[in-house]
Amino acid sequence: MSALAVALVLQGFVSQQLGSSSSQPHGVAVAGLADVGPVLDLSGTDLRSVTPPSRQIALTFDDGPDPTWTPKVLAVLRRHHVNATFFMVGSRVQAHAGLVNAVLRDGNDIGAHTFTHADLGNVSGTRANLELSLTQTALAGAADINTSILRLPYSSTAREFSASTFRAARAASRVGYLVVAATEDGRDWKRPGVDRIVANATPPAGQGGIILLHDGGGNRAQTVAALDRLIPALQSQGYGFGTVSDIAGLPRSLTNARVATLPHLQGVTLAVVIRLSAMVTGLIALLFIPIGLLSILRGIVVLVLAHRHSRLVVPPGDAVFLPPVSVVVPAYNEEVGIAAAVRSLAASDYPDLEIIVVDDGSTDRTAAIVAGLALPRVSLITQANAGKPAALNAGVAAAHHDVLVMVDGDTVFEPDTVQQLVRPFADPIVGAVSGNTKVGNRRGILGRWQHVEYVIGFNLDRRMYDTLRCMPTVPGAIGAFRRQALVAVGGVSGDTLAEDTDLTMAVNRAGWRVVYEERARAWTEAPASLNALWRQRYRWCYGTMQAMWKHRGAVREGGPLGRHGLPYLLLFQVLLPLLAPAVDLFAVYGLLFLNPYTVIAYWTSFNLLQLAMGVYAFRLDGEQMGPLWVVPLQQFVYRQLMYLVLIQSVFSAAVGTRLRWHSLRRTGLDPGLVTEATTP
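Figured I'd write up the structure that's included with this text. (Residues numbered from 1 in each chain as written. Predicted model: local features only at pLDDT ≥ 70, side-chain atom pairs only at ≥ 80, totals over all residues. Heavy atoms only, no water.)

So, the sheet that holds strand β17 (residues 412–413)
Moving on, step 1. With mixed pairing, the eight strands of this open sheet are ordered in space as β15-β14-β13-β16-β19-β18-β20-β17. Edge positions in the sheet fall to β15 (378–383) and β17, since each of these pairs with one other strand and no more.
Moving on, step 2. In this structure, strand β13 (residues 325–331) lies alongside strand β16 (residues 403–406), joined through four bridges in parallel fashion. Bridge pairing in β16 places V325 opposite V403.
Moving on, step 3. Most of the contacts of helix α16 (residues 445–468) go to strand β18 (residues 430–439), to which it runs at about 160 degrees, and overall it touches β18 and β20 (513–524). (Pairing = 2+ DSSP bridges. Helix = DSSP H or I, 4+ residues; strand = E, 2+ residues; numbered from the N terminus. Contact = heavy atoms within 4.5 Å. Axes fitted to C-alpha atoms, helices over the stretch in contact; angles between N-to-C directions.)

Written out as structure tokens, the structure reads:
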């Protein structure tokens, strides 16, 4: 992520090269510069300058090298046997090293024009130094030279220098540069036409001058055509042409000095890094569109299949399926919520029900609390700590009935939850049923985020999975299994951290159907702190990836889980979330360096899609719409937390980290919510 951020910042910095300079002065011109020469040395107290000799012309070209126009300019210069000076932008130098060397081979001078065409009079001293040093590094890498002449972007003649431009020129002189202005401005500013360019570039009769033209940025066809007329016209009047160093009486070995091996290698490295950053930025830009389209397509598919599922839900009717049921509650250090959980189960309006609490070596008062309840349909098993799968298997072994409900120790059932949960077992091909988990502590912002995630993410997806017959997870908070299905898959496995996902996938592969019963509601306590949430989601995410790897054979078998469930999990729960940090960084890059309105439109569209899904999901679940206001806020904290958890899980999977069953710190469900929901 750090490397990607550096690449994006570098590419954004490089891409701020603006092209042609403005012909307008910046602010009030500094007094006393009207009569100075165009080659300035401002390093000392006294300003020194050089004026071109009579009838001596230095043609200069700014903003290149340009792959289209620089070769055309060079061709004109060769044809007329004239040399010139090219003030080059560093970001273009590293991109077109071949053109830089072509300019030098023809006997021309090269000067600096900053790295990104920045107005040095309007940037900090640090930025100005960086602009100049990077330009020298780029020249060293491209052509083994450094230059001692500089033209400031957005400045033409010295008499137009504003106070800020003059300060920038003085600072550059103090680090060794001669600042080159112009006497004649022959740029095709606002396309005035070839005749106007020739007129602007022609110096007063008999005078020498430095003519400002362009070989980079914009349409330079008129400049090339004007140049082909200007040179012979001035030659016919007795004018001679040379470089800036010729006019200033400086040796070329000074203005374009050769560099040693180390600066050359630094320049090559800079060019490679910039090219790599451009490749990375381009790749992410290419991925941005398909990622967005996939997100939209996923949202549409989920909504369509969830709607189809809602139309297929069978009303309760008169037929009642009430087989004997055993409820197994594995518990490890659940003293805060175990009493409420067990009482809610014992209060179920289900006729033939036994409740088995398996205390898996708790170090708190969990077992004592259950024993102290002395409820008639509740039995307690205690064992040494062996993990949640072992606790579930112990409860299943002790159960007397063939329909088994598994409930976490922090979960509260409504009176009719068990009846609703086991109803689908009337169909003999159903091997497992997922209930509808509700967040019971949703008052704070973190609770609301999880509440929204449960309703939009989990429950909408479960409706889709049920429609496609590829349900990957029956949650540990509320799920029911047919004993025959459990026996067929060898019970609850401890191979993964997500034993519920592992078990559900195994039941799928064994040929049983796994369904979602949205009317079977259970209230669970969501993590109340970011640290607790991180630990829970790390276990879920890592465990899900373990289960996906364990059951990868389902793809070869060709069942619904292999055709739909596993590919969906891989794409939308692993691969695309892994790209989410890059997408977020690129969004910031777009706001800073590209068109921010495009990024804002993308982000707004994404949130509108999420809100639309949220409205429909909350309607299906019978929830009030108020909490949906937190959906946009999820993009700034909650979403980042989730993909960081995923990144940690991927690395943990790569190194084979193991994690024992642990209990999160409980604070208790919201009494108002749960009491209201569970009151008949």
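Examining a nonpolar patch on the surface
Moving on, step 1. Taken together, the side chains of I445, W603, W629, L633, F636 and V637 make up a nonpolar region of the molecular surface, amounting to roughly 580 Å² of accessible area.
Moving on, step 2. Along the chain, the position of F636 falls in the loop between α23 (631–634) and α24 (638–655).
Moving on, step 3. The class for F636 is exposed, based on a relative accessible area of 54%. (Patch = residues over 30% accessible without salt bridge, like charges linked within 9 Å, V, L, I, M, F, W, Y side chains within 5 Å. Areas by Shrake-Rupley, 256 points an atom, 1.4 Å probe, with all protein chains shown as cover. Salt bridge = Lys/Arg side-chain N within 4 Å of Asp/Glu carboxyl O. Buried < 20%, exposed > 50% of the residue type's maximum accessible area, 1.4 Å probe, protein only.)

Some thoughts on the pattern of salt bridges
Moving on, step 1. Across all of its chains, the model carries 25 salt bridges by this definition.
Moving on, step 2. In this structure, R151 engages D62 in a salt bridge whose closest nitrogen and oxygen atoms are separated by 2.9 Å. Placement of the pair is R151 in the loop between β7 (149–150) and α6 (163–173) and D62 in strand β3 (residues 56–64), with a sequence separation of 89 residues. Here the two residues R151 and D62 agree in accessibility, since each one is buried.
Moving on, step 3. Residue K388 is joined to E499 by a salt bridge in which the shortest nitrogen-to-oxygen separation is 3.4 Å. Highlighted residues: K388 in helix α14 (residues 388–398) and E499 in helix α18 (residues 499–509), separated in sequence by 111 residues. For the pair shown, K388 and E499 are each scored as buried.

A closer look at the packing of aromatic side chains
Note on aromatic pairs: each is described by the distance of the centres and the angle between the planes.
Moving on, step 1. One pass over the full model with this rule turns up nine aromatic pairs.
Moving on, step 2. A ring pair is formed by W449 and Y638, whose centres lie 5.7 Å apart and whose planes are at 45 degrees; its orientation type is tilted. Of this pair, W449 sits in helix α16 while Y638 sits in helix α24, placing them 189 residues apart in sequence.
Moving on, step 3. On the numbers, 5.7 Å between centres and 90 degrees between planes, the contact of Y465 with Y568 is edge-to-face. Placement of the pair is Y465 in helix α16 and Y568 in helix α21 (residues 560–593), with a sequence separation of 103 residues. (Phe/Tyr/Trp six-rings, centres within 6.5 Å; stacked < 30°, edge-to-face > 60°.)

A closer look at empty space enclosed by the protein
Moving on, step 1. For the coordinates displayed, the defined rule picks out three cavities of 30 Å³ or more.
Moving on, step 2. Approximately 90 Å³ is the volume attributed to the largest cavity.
Moving on, step 3. The wall of the largest cavity is formed by 14 residues, among which L392, M406, G476, E499 and D500 lie closest to the centre.
Moving on, step 4. Mapped by element, the contributors of at least two residues to the lining of the largest cavity are α14 and α18.
Moving on, step 5. Among the elements that line the lining of the largest cavity, the one with the most residues is α18, at three residues.
Moving on, step 6. Broken down by class, the residue content of the lining of the largest cavity amounts to nine nonpolar, one polar and four charged. (1 Å grid on protein atoms, 1.4 Å probe; cavity = no way out; pocket = protein on both sides within 12 Å on 5 of 7 lines; lining within 4 Å. Points joined across faces, edges and corners; volume = space filled by probe spheres on them. Nonpolar A, V, L, I, M, F, W, Y, C, P; charged D, E, K, R; others polar.)

Quick word on the side chain of S326
Moving on, step 1. Inspection of the secondary structure puts S326 in strand β13.
Moving on, step 2. Owing to a relative accessible area of 0%, S326 belongs among the buried residues under this scheme.
Moving on, step 3. Among the polar contacts listed, one links the side chain of S326 to the backbone nitrogen of H401, at a separation of 3.3 Å.
Moving on, step 4. Apart from residues no more than four positions distant in its own chain, S326 is found in contact with E354, A399, H400, H401, V403, L404 and V405. (Polar contact = N/O pair within 3.5 Å; in protein donor to acceptor, adjacent residues only side chain to side chain.)

Details of the nonpolar core
Moving on, step 1. Counting residues in each nonpolar core, the largest one holds 72 residues, and the members touching the most others are I456, F481 and V507.
Moving on, step 2. In terms of residue count, the dominant contributor to this core is α21 (11 residues).
Moving on, step 3. Sequence-distant contacts of I456, that is, excluding residues within four places in its chain, are made with D461, Q610, M613, G614, A617, F618, L628 and V631.
Moving on, step 4. Core analysis: the next-biggest nonpolar cluster, separate from the first, contains 43 residues, A84, V224, L234 and Y239 among them. (Core = buried A, V, L, I, M, F, W, Y, C linked by side-chain atoms within 4.5 Å.)

Observations concerning the packing of helix α11 (residues 261–312) against helix α22 (residues 596–621)
Moving on, step 1. For the pair α11 and α22, the least separation of the axes is 11 Å and the interaxial angle reads 15 degrees. The angle between the axes of α11 and α22 places the two elements in the roughly parallel class. Here the hand of the crossing between α11 and α22 comes out left-handed. Contact residues: F288, I291, G292, S295, I296, R298, G299, V302, L303, A306, H307 and S310 in α11; Y602, F606, L609, M613, Y616 and L620 in α22.
Moving on, step 2. Of the residues assigned to the contact of α11 with α22, the class counts are 12 nonpolar, five polar and one charged. (Parallel < 35°, antiparallel > 145°, perpendicular 65-115°, else oblique. Left-handed = near helix turned anticlockwise from the far one by under 90°.)

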